[in-house]
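Each chain, letter by letter, is given below.
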Amino acid sequence: MKKLFSLFLVLFSILGSVSVYSYCLPADTSVISEVKLQAYTSDTKVPLNRNITLYIKVFWSSRDDSVSIENVGDPKLTNLEITGTSSANRIEADVNGNRNVREITFILKPSGLGMAYIEPVSLVYKKGKNSTPVTLRTNRFGVKVIDPVPEPGHRKFPFLWLVIFLFAAGSGVIFYSFRKKSDRFKHKEPEQNIDIDEENYLSRLKNITKSKNSDFNLALNEIIKVFRMYISKEFGISAMEATSSEIISMLEQKDTGLQEQKLKELLNRVDVLKFSGQKALQSDVDAAYVFVEAFLESRLRDKKEKEASKERESKRKGIKSIFRKNINK
Amino acid sequence: MNKDIQAIHEKIQKESQFVEKLTEELGKVIVGQTYMIDRLLIGLLSRGHVLLEGVPGLAKTLTVRMLSNAIKTGFNRIQFTPDLLPADILGTLIFDQSSGKFKTKKGPIFTNIILADEINRSPAKVQSALLEAMQERTVTIGDQTFALEEPFLVLATQNPIEQEGTYPLPEAQVDRFMLKLSVTYPNPEEELEILRRMSKGPEPDVEPVVTPKDILKAREVVEEIYMDPKIEQYIVDIVFATRDPEKYGLDDLKELINYGASPRASIYLAKAARAHAFLQRRGFVTPEDVRAIGMDVLRHRVLVTYEAEAEEVTSEDVVRKVLNKVEVP
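What you see is a predicted model, and the numbers here were worked out from it, not measured in a lab.

## A few points about the interface of chain A and chain B
Facing 18 residues of chain A, the contacting portion of chain B comprises 25 residues. Mapped by element, the contributors of at least two residues to the side of chain A that touches chain B are α2 (160–184) and α6 (260–275) of chain A. Here the side of chain A that touches chain B takes four residues from α2(A), the largest share from any one element. Across the side of chain A that touches chain B, the residue classes break down as five nonpolar, eight polar and five charged.

Pasting the structure below:
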């Protein structure tokens, strides 16, 4: 009997412990029966003109329908103020099975530089209607409030770009003026004047001989000067600043109608008379005068012929157009 | 005057015969470089020293050495180095123990033609020792003054590309050189001939074809060459245009010229123009002679401003513009 009773007690204990154990343990051992509280901030430092977020998360098993979470109160803050809150519930998978997550966020704005504190937040939950409420608390958080940062799209020195632009514009103007100065330093040939009055030069030539100057050297210089002035204007060459050989080489490239050999002989002869101290003769003056006069007169003749032919051409065109008009009528 | 010019002309014809012999003899060794040879002759004939500027390898030293060999004169080459002393050039007093007296040991300057190679590599005190001898044509050692034998010519060289570790000649010293030549590269045909001559076989040499007496006689004739007052005025106008450019219609040069040419420029321009006329076998100076030699006389005498340097305007550009602007008589 005693043996049977002992055996009964052992069996009862085993069964009882198993039943208690199975009461304590859920059927699925991966399910969490406790409620967890998690809290954290988005950063440990926050600029004065930025916000910081306090996240409070509550986790409990999805199988445990008896858990009821009370609303979380606003946290007590130092140097911070609440600018917004939000709350969201979701179910997420876990190693121990599904779990419910309630996430509560507080958007906090700093009030001033220095340290800011978030006092512990309390969360109360019950497991069953008649169960004792359980309080969970978060940690106390400290956040450092630092100098404000530039706002996106806002320039610290708004006038900096204007200064840079003005500097670049000024540099461009100065560079352009320097280039212009160096361009003007380039040797420019005198402009060719098409409206040369050959008759004017012919009259100057005649005035030289009319002066009846017995200084033939002077007369010769004046005649050649008239020639140089004319070819400077007519052909756009710097004849006044060039030597005789330079003038000859410059005129070789132009359509002057001059007899180059005769011109060479004349200019060389004039140079000898001008610079050797030799006295010029009447024949020298006459030879120079005849040459220059013939040249000017031929140029004058050519121009007059060109003008006359232009006039004839324009008249012919005028007559043709009148004729065509009459035909059309 | 006509007879005088004729007489000078005949003298020139007689005394200039050595020029052809000399250039022909030099042509056996030196290919091309006619510009350099002509200017060296001008310096020799007008008692003016020459500064040669050019990159290494342009036969500057070779030309001077061959010139002295062809004239059968003494020649010394002095390589200017940073550790050179004035006594290395001029000479010094050496104590003779046997006699108990100081003896004069003459330096390499006691010769006819001196080649001062890379003159800008020695300090100013060495440069000034040479330049004093150039100006005075005497050398003082101790309490004795020695005259330098005629013809005496200093040919100095400068390398324009290696400026590190050099002592640039001060403007006042550069002014003592009558001519500053810018030696350039030979053309392809000349370079081909140089390659053929110098790349194989012994280095060719020249025979003496001229004596120092010929040079001295030629100098006397050069000094007799006639210079018309118009040419003298032209020279003065050119030099004054470098000092007061606005008076000659060169307003844009006013801000670019720091210092114009000195009266020494007028003197050297006149002397060199006469020597140039001699080489052209002419008994009188023409504007061609002045313009041909003007750049070489003036390029180292016109100092440009910082503004000119910023605009990349060189003294050569300024001189070119002056020569092209001043009216030719």
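## Examining the environment of I78(B)
Residue and element names in this part refer to chain B. When you line up the elements, I78 lands in strand β2 (residues 75–79). Here I78 falls in the buried class, since 22 other C-beta atoms lie within 10 Å of it. For the pair I78 and D117, spaced 39 residues apart in sequence, the C-alpha to C-alpha distance is 6.0 Å. Residue contacts for I78: discarding those within four places in its chain leaves I89, P108, I114, A116 and D117.

## Considering unusual backbone geometry
Residues and elements named next belong to chain B. With an omega of -5°, the peptide bond running from E150 to P151 counts as cis. Not every positive phi belongs to a glycine, and A59 is a case in point at roughly 70°. Assignment of secondary structure puts A59 in the loop between β1 (50–53) and α4 (60–71). You will see that E312, though not glycine, has its phi angle at about 60°, which is positive. Following the sequence through the fold, E312 ends up in the loop between α13 (306–310) and α14 (315–325).

## Structural notes on the nonpolar core
Core analysis: the largest hydrophobic core is formed by 121 residues, its most contacted members being I223(A), L155(B), L269(B) and A272(B). Apart from residues no more than four positions distant in its own chain, L269(B) is found in contact with I235(B), V239(B), V290(B), I293(B), G294(B) and V297(B). Counting 22 residues, the second-largest nonpolar core is a separate cluster that includes L54(A), I56(A), V58(A) and L136(A).

## What to know about the sheet that holds strand β8 (residues 114–118) of chain A
Residues and elements named next belong to chain A. The mixed open sheet is built from four strands, whose spatial order is β2-β11-β8-β5. The open sheet has two free edges, formed respectively by β2 (45–47) and β5 (77–78), since each of these has just one partner strand. Both β2 and strand β11 (residues 141–146) contribute to a ladder of three bridges, which runs parallel. Residue V46 lies in a different strand from β11, and its bridge partner there is V145.

## A short note on the packing of helix α11 (residues 263–279) of chain B against helix α12 (residues 287–298) of chain B
The packing of two helices is summarised by the inter-axis angle and the distance between the axes. Residue and element names in this part refer to chain B. Interaxial distance between α11 and α12 falls to 9 Å at its minimum, and their mutual angle equals 135°. What the angle tells us is that α11 and α12 run oblique. The hand of the α11/α12 crossing is right-handed. Where α11 approaches α12, its residues A265, Y268, L269, A272, A273, H276 and A277 are matched on the opposing element by D289, V290, A292, I293, G294, V297 and L298. When grouped by side-chain class, the residues that make up the contact of α11 with α12 number eleven nonpolar, two polar and one charged.

## A closer look at the confidence of the model for chain B
The share of residues in chain B with pLDDT of 70 or more is 98%, and the mean pLDDT across the chain is 89. Reported for the predicted complex are a pTM of 0.67 and an ipTM of 0.78.

## Some words on the packing of helix α10 (residues 229–243) of chain B against α12(B)
Residues and elements named next belong to chain B. Two numbers describe how α10 lies on α12: the axes approach to 11 Å, and their chain directions differ by 30°. When the axes of α10 and α12 are compared, the pair comes out roughly parallel. Our pair here, α10 against α12, has a crossing hand that is right-handed. On α12, the residues that touch I231, Y234, I235, I238 and T242 of α10 are P287, V290, G294 and L298. Broken down by class, the residue content of the contact of α10 with α12 amounts to seven nonpolar, two polar and no charged.

## Regarding the pairing of strand β10 (residues 134–137) of chain A
Residue and element names in this part refer to chain A. Taken together, the four bridges between strand β9 (residues 122–127) and β10 define a ladder with antiparallel strand orientation. Looking across to β10, one finds that L123 is bridged to L136. What sits between β9 and β10 in their antiparallel hairpin is a turn of six residues, with G128 showing a positive phi close to 100°.

## A word on the sheet that holds strand β5 (residues 113–117) of chain B
All names here are of chain B. Here we have five strands laid out as an open sheet, ordered β2-β5-β8-β1-β9, and parallel in their pairing. The sheet is open, and its two borders are formed by β2 and β9 (179–182), each paired with just one other strand. Put simply, the sheet's adjacent strands are angled 20° from each other on average, direction ignored. Of the pairings in the sheet, the one linking β2 to β5 comprises five bridges and is parallel in character. Considered in β5, the bridge of I78 is made with A116.

Reading guide: rules and limits
- In every chain, residue numbers begin from 1 and rise along the written sequence.
- The lettering of chains begins at A and the numbering of ligands begins at 1, in the order of writing.
- At least 70 in pLDDT is required for a residue's local features to be given in this predicted model, at least 80 for side-chain atom pairs to be given and counted, and no such filter applies to totals for whole chains, interfaces and linings, which use all residues.
- Here the contact rule is simple: place C-beta atoms from the backbone, and any two residues whose C-beta atoms are within 7 Å are in contact.
- The helix count covers DSSP runs of H or I at least four residues long, the strand count covers runs of E at least two residues long, and both are numbered beginning at the N terminus.
- Polar here means any residue outside two lists: the nonpolar Ala, Val, Leu, Ile, Met, Phe, Trp, Tyr, Cys and Pro, and the charged Asp, Glu, Lys and Arg; Gly therefore counts as polar.
- Here a residue counts as buried when 20 or more other C-beta atoms sit within 10 Å of its C-beta, as exposed when there are 12 or fewer, and as partly exposed otherwise, the C-beta atoms being derived from the backbone.
- Joining buried Ala, Val, Leu, Ile, Met, Phe, Trp, Tyr and Cys residues through C-beta atoms within 7 Å gives a set, and that set is a nonpolar core.
- Pairing between two strands requires that DSSP report at least two bridges joining them.
- Axes, fitted as lines to C-alpha atoms, cover a helix only where it is in contact. Angles between the N-to-C directions of the axes lie from 0 to 180 degrees.
- Oblique is the label for any angle not covered by the other classes, which are roughly parallel (under 35 degrees), roughly antiparallel (over 145) and roughly perpendicular (65 to 115).
- Each crossing is labelled by how the near helix is turned from the far one, with a counterclockwise turn of less than a right angle marking it left-handed and a clockwise turn marking it right-handed.
- You can read pLDDT as the predictor saying how much it trusts each residue, on a scale of 0 to 100.

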